[in-house]
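Reading the structure
What follows is each chain in one-letter form.
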Number of protein chains: 2
Amino acid sequence: MIVALAGGVGGAKLAQGLSLALPPDDLTVIGNTADDMIHFGLRISPDLDTVLYTLAGMANPTTGWGIAGDTTRTLDLLKRLGAEDWFLIGDLDFAIHIRRSALLAAGQSLTAATAALTRGLGVRAAILPMCDEPVATVVETPDGPLSFQDYFVRRRHQDPVTAIRFAGIEAATVPDGVAAALASAEVIILCPSNPLVSLGPILAVPGFRDRLTAAPGPRVAVSPIIGGRALKGPADRMLAGLGHDVSPLGVARLYRDFLDGLVLDEEDAALAAEIEALGLRTLVTRTIMGEADDRRRLAVETLGFARSLTLVARAGR
Amino acid sequence: MIVALAGGVGGAKLAQGLSLALPPDDLTVIGNTADDMIHFGLRISPDLDTVLYTLAGMANPTTGWGIAGDTTRTLDLLKRLGAEDWFLIGDLDFAIHIRRSALLAAGQSLTAATAALTRGLGVRAAILPMCDEPVATVVETPDGPLSFQDYFVRRRHQDPVTAIRFAGIEAATVPDGVAAALASAEVIILCPSNPLVSLGPILAVPGFRDRLTAAPGPRVAVSPIIGGRALKGPADRMLAGLGHDVSPLGVARLYRDFLDGLVLDEEDAALAAEIEALGLRTLVTRTIMGEADDRRRLAVETLGFARSLTLVARAGR
């Protein structure tokens, strides 16, 4: 089993690459749920949905999130009825949120509801929420605390971030499926997602980091920072604002307690030596992902790199 | 103020005729909520919606319910995800149900939520739910009790009906707006809706019938039965099954404790004398409503008939 930890768009792209590179049942994606929210009374899981839509081949290729060719008839009428309009939900999106909400209301766990949606869209990979308990990322800013989607979507991630916390995280538990996937993982890949607010919440679920460290296979991350910038979203500004190096080195330091290898972009090749000095192996390659072929290429290279670390480790015994 | 009591399609048609015949702020429609349901976790009020869509000029002209030109993108994907598919909800419908549900979840009454939807769609008439408490029509059949939409939509009203009850009705109360409308009603019109399951629940709200009887203006009904048949729905079979005359006379008997006049179709002209013998006045005219002009014509005739009863009553003093 190959296990990937993924946030939103960037993580979903590599997850899709892995799904194209692997037998269909061999991939488990563990997703962030700390930016979930209740909106229009519906439970919305933006990161799980981005992974789901991308693996189903349905993702909007322009935005990376949402469903290709979706329309906004429902939302347009909701706006006319005075509803909030800052969070874009397509008509097909609504089906996902309505179904998820109905399954949760019927007593299913988020894990079970996500599995039903995944099967319903014909996706063979397993998509597992990081936990079934509600966890909410709170972004502290000079204007006060903001819920994640308020910060990210409504205010277009323009506020300086002075601190990040995950409300409810102390009561979260590692779901059985996540524990089982980690315990049998041949390779664990941290996708190029925001280390602070996308993979950060997953790593913060009590017990998760220990299970990750104890997993049998190597742990390899793909840097979401290239040439001092995030391809998408506020990761670069967040890292800088919170005192981290805005570079693959900064990413390596955040994960160094459990990480075995880091994949970084050719643009950052000069940093490889410094990262290796932390005790990590590195793979330098093109990490900007275009369409499916390119995602598959990075997945194959990352898998090869990770497996080489296994061989090195075995040879060292 | 003209007050109309309305169920679904037939009632909505006459309500639209009244809205076309009256100054825009002079009409109050009191609607049935006993066939409301929670579906996909959303609060659906089929009768209120039919009145709302019809008054907004948005109703699907073919079905009488739903919104003209609506699509089913959301429902189609929901079906693919394994959701129940027997209750048709269009993409625009979903906006109404989502907004209503969100307003209720935020603590608003159904009265307030309905007013917000009514304003949002630009309807000037007031649409008032019969009560704010949950009431559910239960239809007893040889196969056991069925919820109303189960009986009506899923099983296509084919089951023989042995009894009808309104679960929760004893806890229902007449909302202030309904009480005020009745207390100042110049005319009260019972639209041609099913007397048992559409207007029956409204009349069964504790205190409603007394307020109706005490209202200052005359109470006039338009028979939903023409030539021994209901134009739409199971009213004819229900009346027969429960021992009522399937005729304007049977309708008159159901309402005779408070009714002043009955409008019946030319096809039933021979029954007028027998209805008058109950102490009611009658108006015989064409009661099958086609498009807007025809609805307005019946509304004008019904209003004129009702107002003539006021004059007669005044002359008699």
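Residues numbered from 1 in each chain as written. Chains lettered and ligands numbered in written order. Predicted model: local features only at pLDDT ≥ 70, side-chain atom pairs only at ≥ 80, totals over all residues.

1. Re the relation of the copies chain A and chain B
The two copies are related by a screw operation: chain A maps onto chain B through 180° of rotation and 0.0 Å of translation along the axis, at an RMSD of 0.0 Å. Taken together, the rotation and translation relating the two chain copies correspond to the operation of a two-fold axis. Among all residues of chain A, the one whose C-alpha sits closest to the rotation axis is Asp91(A), at a distance of 3.4 Å. Looking at chain A, 100% of its interface residues are interface residues in chain B too, so the copies touch through the same face. (Least-squares fit on C-alpha atoms with pLDDT ≥ 70 in both. Contact = placed C-beta atoms within 7 Å.)

2. Looking at the environment of Ala68(B)
Relative to the assigned elements, Ala68(B) resides in the loop between α2 (46-55) and α3 (73-80). Separated by 14 residues in sequence, Ala68(B) and Thr54(B) have C-alpha atoms that sit 10.0 Å apart. (Helix = DSSP H or I, 4+ residues; strand = E, 2+ residues; numbered from the N terminus.)

3. Points about the sheet that holds strand β9 (residues 187-190) of chain A
All names here are of chain A. Spatially, 7 strands are ordered β5-β2-β1-β9-β10-β13-β14 in an open sheet, and the strand pairing comes out parallel. Of all the strands in the sheet, just β5 (126-129) and β14 (281-285) have a single pairing partner and so form its edges. Here the average twist between neighbouring strands, direction ignored, is 20°. Looking at chain direction, strand β13 (residues 261-265) and β14 are connected through 5 bridges and run parallel. Residue pairing in the sheet places Leu-262 in a bridge with Thr-282 of β14. (Pairing = 2+ DSSP bridges. Axes fitted to C-alpha atoms, helices over the stretch in contact; angles between N-to-C directions.)

4. Focus on the confidence of the model for chain A
Confidence in the prediction of chain A, expressed as mean pLDDT, is 95, and 98% of residues score 70 or more. Prediction confidence for the complex, expressed as pTM and ipTM, is 0.91 and 0.89 respectively. (pLDDT = per-residue confidence, 0-100.)

5. Observations concerning the sheet that holds strand β2 (residues 27-31) of chain B
Residue and element names in this part refer to chain B. Within the open sheet, the 7 strands sit side by side as β5-β2-β1-β9-β10-β13-β14. Their pairing is parallel. Lying at the two open borders of the sheet, with one neighbouring strand each, are β5 (126-129) and β14 (281-285). Each neighbouring strand pair of the sheet contributes to a mean axis angle of 20°, computed without reference to strand direction. Here strand β1 (residues 2-6) runs beside strand β9 (residues 187-190); their pairing, made up of 4 bridges, is parallel. Each residue of the ladder has a partner; that of Val-3, found in β9, is Ile-188. Sitting on the sheet, helix α1 (residues 9-21) touches β1, β2 and β10 (219-222), and the angle it makes with β1 is about 165°. Contacts from helix α11 (residues 248-255) reach β9, β10 and β13 (261-265) within the one sheet, and its direction differs from that of β13 by about 160°.

6. Concerning the packing of helix α4 (residues 91-105) of chain B against helix α5 (residues 110-120) of chain B
All names here are of chain B. Axis separation between α4 and α5 bottoms out at 9 Å; the angle between their running directions is 140°. Here α4 lies oblique to α5, going by the angle between them. Where α4 crosses over α5, the two elements pack in a sense that is right-handed. Residues Ile-96, Arg-99, Arg-100, Leu-103 and Leu-104 of α4 form the contact with α5, whose participating residues are Leu-110, Ala-113, Ala-116 and Leu-117. (Parallel < 35°, antiparallel > 145°, perpendicular 65-115°, else oblique. Left-handed = near helix turned anticlockwise from the far one by under 90°.)

7. Brief notes about the interface of chain A and chain B
Counting residues at the interface gives 23 residues for chain A and 23 residues for chain B. Taken together, the elements giving at least two residues each to the side of chain A that touches chain B come down to α3 (73-80), α4 (91-105) and α5 (110-120) of chain A. The class makeup of the residues in the side of chain A that touches chain B is 13 nonpolar, 6 polar and 4 charged. (Nonpolar A, V, L, I, M, F, W, Y, C, P; charged D, E, K, R; others polar.)

8. Regarding α5(B)
Those residues of α5(B) that fall on the buried side of the exposure criterion are Leu110(B), Ala113(B), Thr114(B), Leu117(B), Thr118(B) and Gly120(B). Across the axial projection of α5(B), the buried residues extend over an arc of 165°, all falling on one side. On its buried face, α5(B) sits against α3 of chain A together with α2, α4 and β5 of chain B. Among the residues trailing α5(B), Gly122(B) stands out with phi positive, at a value near 75°. (Buried ≥ 20, exposed ≤ 12 C-beta atoms within 10 Å, placed from the backbone. Arc of directions from axis to C-beta.)

9. A word on the nonpolar core
By size, the foremost hydrophobic cluster in this structure holds 194 residues, and its most contacted members are Ala4(A), Ala15(A), Val29(A), Ala4(B), Ala15(B) and Val29(B). Those residues in contact with Ala4(A) that sit more than four places away from it in its chain are Leu14(A), Ala15(A), Leu18(A), Leu27(A), Val29(A), Ile189(A) and Cys191(A). (Core = buried A, V, L, I, M, F, W, Y, C linked by C-beta atoms within 7 Å.)

10. Observations concerning the environment of Glu267(A)
All names here are of chain A. For Glu-267, the location among the structural elements is in the loop between β13 and α12 (272-276). Overall, Glu-267 belongs to the partly exposed group, with 16 C-beta atoms counted inside 10 Å. Each C-alpha atom of the pair Glu-267 and Thr-63 lies 25 Å from the other, and the pair is 204 residues apart in sequence. In this structure, Glu-267 is in contact with Ile-226 and Gly-227, ignoring residues within four places of it in sequence.

11. Things to note about the environment of Arg297(B)
Residue and element names in this part refer to chain B. Within the secondary structure layout, Arg-297 lies in helix α13 (residues 292-316). When the 17 C-beta atoms within 10 Å are taken as the criterion, Arg-297 is described as partly exposed. Considered as a pair, Arg-297 and Ser-45 are 252 residues apart in the sequence and their alpha carbons are 28 Å apart.

12. Structural notes on α1(B)
Helical periodicity: at 3.6 residues per turn, an α-helix aligns residues three or four positions apart in one direction. Residue and element names in this part refer to chain B. The terminal C-alpha atoms of α1, which comprises 13 residues, lie 19 Å apart, in line with the 18 Å expected from a rise of 1.5 Å per residue. Here α1 lies mainly inside the structure; 12 of its 13 residues are buried. Residues of α1 that are buried: Val-9, Gly-10, Gly-11, Ala-12, Lys-13, Leu-14, Ala-15, Gln-16, Gly-17, Leu-18, Ser-19 and Ala-21. (Expected span 1.5 Å × (residues − 1).)

13. What about unusual backbone geometry?
Residues and elements named next belong to chain B. Within the chain, Arg-156 stands out as a residue other than glycine whose phi angle is a positive 55°. Tracing the sequence through the fold places Arg-156 in the loop between α6 (148-154) and β8 (163-167). One non-glycine residue, His-157, adopts positive backbone phi at about 35°. By the C-beta count within 10 Å, which is 18 here, His-157 ends up partly exposed.

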